[in-house]
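Inside the fold
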Amino acid sequence: MKIFPIGSVLFSFSLALVLSQPLHATTAAYAQEGAIRPEKKEFSPYANRAYPTNVYFGDTHLHTALSMDAGTFGNRLGLDDAYRFTRGEEVTSSTGYRARLSRPLDFVVIADHSDGMGFFDMFADGDPAVMDKEEGRRWNKMIAEGGQQGVDAALEIITLFSQGRFPWRTNDPKLMKPVWQQTIEAAERYNEPGRFTAFIGYEWTSLVKGNNLHRVVIYRDGGAMAERTLPFTLADSADPEALWEAMQAYEEQTGGELLAIPHNGNLSNGMMFDVETLSGGPITKDYAERRQRWEPLYEATQIKGDGEAHPLLSPDDEFADYETWDLGNLDMSEAKTDDMLPGEYARSGLKRGLEYGAKLGVNPYKFGMVGSTDSHTSLSAVEEDNFFGKHSGVEPSPERALHVTLGGEQGKIMGYQMASSGYAAVWAKENTRDAIFDALARRETYATTGPRMIVRFFGGWDFTEDDAQTRLPAQAGYSKGVPMGGDLRSAPQGKSPTFLVAARKDAMSGNLDRIQIVKGWVGDDGNAMERVYDVAVSDGRTIDADGRCKAPVGDTVDVVKATWTNTIGDPELITTWTDPDFDPEQRAFYYARVIEIPTPRWTAYEALRFDIEMPKEAKMTTQERAYTSPIWYTPKG
């Protein structure tokens, strides 16, 4: 392992890390081993590079006041405010705070719910079309009163919608069309190729008796194509296969391109990575091919909990219990049981995908990782010291820690349990819709819980220690292997896969504790297993023969002052690693997890700024992290 000091050399390292090829094709085409190679060698190492050399940070999942629940919760910020904030301008939140990001984001998908488009304004304005029912009159009054009344109205709407008892049709074209047109026009207005990317998109809010199967749908296309059809809704169907059919029809009709990103398996009560289709049929090869085609990514971390791993499923992983929400489904109408967990988390989904891959020859759960906010405040604000909450009922205040964020018959998620997470990091050559969409499609992405750390991850057969001692690791990475999201096939005789992994801290966040590689594989009995390896650790600590570092990195957090020092950990880590337990006959996946040193959680900043005591159950420190998209190994045959 080689650890480089921070300083002038770091800049060139970051240039090597931060810095793509215009790519436009399907996921499968880009995931092929060797699909991206540097062009001919030049004297200047920075000239004529054919691979992605820029990492762009964004949010693929942001709601504005146009979403029925967001507006009812009290959000009064529309599309313009959301774009201005994301691009780095200062705005005033719905509760009156001036708000600004520490740094602009590079791209955003404003993904308002397709169901109920236009309904919030009807409730708020007392439109005759909703005032003819008792619910409409009551919600009109509660919205007008605002505050907790507005939150209660939103929770009631969510419950009725989740249970299929919403009193009105939510896909009326007369209501949807003008809102959809507003959405498209705003994205076109703020999209600035080369500087800021505004994708057209929406959230399909599939719910099955309160179980969350939501997807964000993202367009590669501009307004001229997107406006030719309306978004798909739950009122059309709750079945993801019906969504894929609608996406296929859109592409055939317009010549455009779409992809969908599921999220919050932790609120699906086992249905996100299920062992049967929604209609109760078996997972078939055809189903697997279509799911892989339309859903190349999974949103692994966001405000409603982190979804990478669960401690019960990964008892040997001391970092698995991170911002865990495992009380019940989305509307808390059904309590969680242990047998649901394997169908809920990214790691268990990836493992289940390997098992199906072995049976069917196609892996239905072959997805990469992104994080995003799912903020309903119009503010993509998930830095721990700048967290504006899930919705406008829980924006910063002395009381929000004890406000109910999500609740129902089976329990409540309190304000202090919100996770200030996450963002999507994308390796692309330029900041345009085409380039970033194509990077999403080929899964050259990673999730972060908020910090903008820079992470590279390559797999191949011939990486050596020398590859980790260059300031240009991407050059070796692309020339000798495949990047995150790629595939390794047919192991050369006698060889095990090797990996090159590098991470650099966010300049405004904590140093790095360690880099880990998480491996999943299918054993001889057909069941998938997992193991976590520490591959690079900070502060000169050692990694034992079992692949783990037992010495903790330490903790410098002063909770009362909500601060810490970067006197522990390292600013960057880079290494190569060879799988010591490789069996060329076993399907496997590998992804990197980067862990920061402890830093103050958002609750610590809140306690300091409002001079309050947090509930004793509230966590006050955190270890931020990043999850790369996996690299898959598939044996020949």
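The preceding data block contains the structure.
Presented here is a report on the structure given in the accompanying data block. (Residues numbered from 1 in each chain as written. Predicted model: local features only at pLDDT ≥ 70, side-chain atom pairs only at ≥ 80, totals over all residues. Heavy atoms only, no water.)

Topic: the side chain of S392
Within the secondary structure, S392 sits in the loop between β14 (386-387) and β15 (404-408). A polar contact is formed between the side chain of S392 and the side chain of E395, at a distance of 3.0 Å. Once residues lying within four places of it in the same chain are set aside, the contact partners of S392 are F73, G74, N75, S94, T95, H376 and T377. (Helix = DSSP H or I, 4+ residues; strand = E, 2+ residues; numbered from the N terminus. Polar contact = N/O pair within 3.5 Å; in protein donor to acceptor, adjacent residues only side chain to side chain. Contact = heavy atoms within 4.5 Å.)

Some thoughts on the nonpolar core
One finds Y83, W180, Y202, Y219, L243 and M369 to be the most contacted residues of the largest nonpolar core, which totals 54 residues. In terms of residue count, helix α9 (residues 173-190) provides more of this core than any other element does, seven residues in total. (Core = buried A, V, L, I, M, F, W, Y, C linked by side-chain atoms within 4.5 Å. Buried < 20%, exposed > 50% of the residue type's maximum accessible area, 1.4 Å probe, protein only.)

Considering the pattern of salt bridges
A side chain of one charge can pair with a side chain of the opposite charge if their charged atoms are brought near each other. Tallied over the entire structure, the rule returns 48 salt bridges. Notably, a salt bridge pairs E318 with R548, separated by 2.9 Å at the nearest N-O pair. With E318 in the loop between β11 (305-306) and α13 (346-360) and R548 in the loop between β24 (528-537) and β25 (572-578), the pair connects residues that are 230 residues apart, well separated along the chain. A relative accessible area of 12% places R548 in the buried class. As a salt-bridge pair, R541 and D513 come within 2.7 Å of each other at their nearest N and O atoms. In this pair, R541 is assigned in the loop between β24 and β25 and D513 in strand β23 (residues 512-522), connecting sequence segments 28 residues apart. Looking at R541, the relative accessible area reads 13%, which means it is buried. When its relative accessible area of 2% is taken as the criterion, D513 is described as buried. What emerges from the salt-bridge pattern is a single network uniting E308, D317, R347, K351, E530 and R593. (Salt bridge = Lys/Arg side-chain N within 4 Å of Asp/Glu carboxyl O.)

Structural notes on the packing of helix α7 (residues 134-145) against helix α8 (residues 147-162)
Between α7 and α8, the shortest axis-to-axis distance is 6 Å and the interhelical angle comes to 145°. The handedness of the crossing between α7 and α8 comes out as left-handed. Taken together, the residues of α8 that come into contact with α7 (itself represented by R138, W139, M142 and E145) are G147, Q149, G150, D152, A153, E156, I157 and L160. (Axes fitted to C-alpha atoms, helices over the stretch in contact; angles between N-to-C directions. Left-handed = near helix turned anticlockwise from the far one by under 90°.)

So, the packing of aromatic side chains
One pass over the full model with this rule turns up 36 aromatic pairs. Taking the centre distance of 5.6 Å and the plane angle of 15° together, the rings of F457 and F499 count as stacked. Placement of F457 in strand β19 (residues 454-460) and of F499 in strand β22 (residues 498-504) is noted, with a sequence separation of 42 residues between them. For F457, a relative accessible area of 1% corresponds to the buried category. In this structure F499 comes out as buried when scored by relative accessible area, which is 0%. (Phe/Tyr/Trp six-rings, centres within 6.5 Å; stacked < 30°, edge-to-face > 60°.)

Structural notes on the sheet that holds strand β12 (residues 368-371)
Sheets are built from strands paired through backbone hydrogen bonds, the pairs being either parallel or antiparallel. Across the sheet, three strands lie side by side as β11-β10-β12; this open sheet has mixed pairing. In the strand order of this sheet, the two ends are held by β11 and β12, each with one partner. Judged from the four bridges that link them, strand β10 (residues 297-302) and β12 form a sheet pairing that is parallel. Among the inter-strand pairings, L297 is bridged to a residue of β12, identified as G368. (Pairing = 2+ DSSP bridges.)

Some remarks on the sheet that holds β19
Read across the open sheet, the four strands follow the order β20-β19-β22-β25; overall the sheet is antiparallel. Of all strands in the sheet, those bounded by a partner on one side alone are β20 (481-483) and β25. Each strand axis lies, on average, 15° off the axis of its neighbour in the sheet, ignoring direction. When β19 meets β20, the two strands line up antiparallel, connected through three bridges. Looking across to β20, one finds that G460 is bridged to G481.

Some thoughts on α8
The end-to-end C-alpha separation of α8 is 23 Å, in line with the 22 Å expected for 16 residues at 1.5 Å each. Along α8, the residues classified as buried are G150, V151, A153, A154, L155, I157, I158, L160, F161 and S162. G164 occupies a position one or two residues after α8 and carries a positive phi of about 70°. (Expected span 1.5 Å × (residues − 1).)

Looking at α13
It helps to recall that an α-helix has 3.6 residues per turn; residues three or four apart then point in one direction. Spanning 15 residues, α13 covers 20 Å between terminal C-alpha atoms, matching the ideal 21 Å at 1.5 Å per step. The element α13 is extensively covered by neighbouring structure, given that twelve of its 15 residues are classed as buried. The set of residues buried in α13 consists of A346, R347, S348, G349, L350, K351, R352, G353, L354, E355, Y356 and G357. Looking at the packing, one finds that the buried side of α13 touches β10, β12, β23, β24, β26 (588-596) and β30 (631-634). Where α13 ends, the next residue or the one after it, G361, has phi of about 85°, a positive value.

Digging into the side chain of E395
Inspection of the secondary structure puts E395 in the loop between β14 and β15. Nearest to the buried, unbridged E395 among oppositely charged side chains is R400, at 7.8 Å. Once you skip the residues sitting within four places of it in the chain, E395 turns out to touch S93, S94, T95, T377, F388 and R400. (Lys, Arg positive; Asp, Glu negative; His and termini not counted.)

Quick look at the environment of V179
Along the chain, V179 falls in helix α9. Relative accessible area serves as the criterion here: at 8%, V179 is assigned to the buried category. Taking the C-alpha atoms as reference points, V179 and G118, 61 residues apart in sequence, are found 6.3 Å from one another. Residues within four places of V179 in sequence aside, it is in contact with L66, M117 and G118.

Thoughts on unusual backbone geometry
Negative phi characterises most residues that are not glycine, and trans characterises most peptide bonds. The step from S421 to G422 runs through a cis peptide bond, and the omega angle for that step is 0°. Although it is not a glycine, N269 adopts a positive phi angle of roughly 50°. Its place among the elements puts N269 in the loop between β9 (258-262) and α12 (285-294). When its relative accessible area of 7% is taken as the criterion, N269 is described as buried. Although it is not a glycine, A562 adopts a positive phi angle of roughly 50°. Within the fold, A562 resides in the loop between β24 and β25. Residue classification places A562 among the buried residues on the basis of a relative accessible area of 8%.

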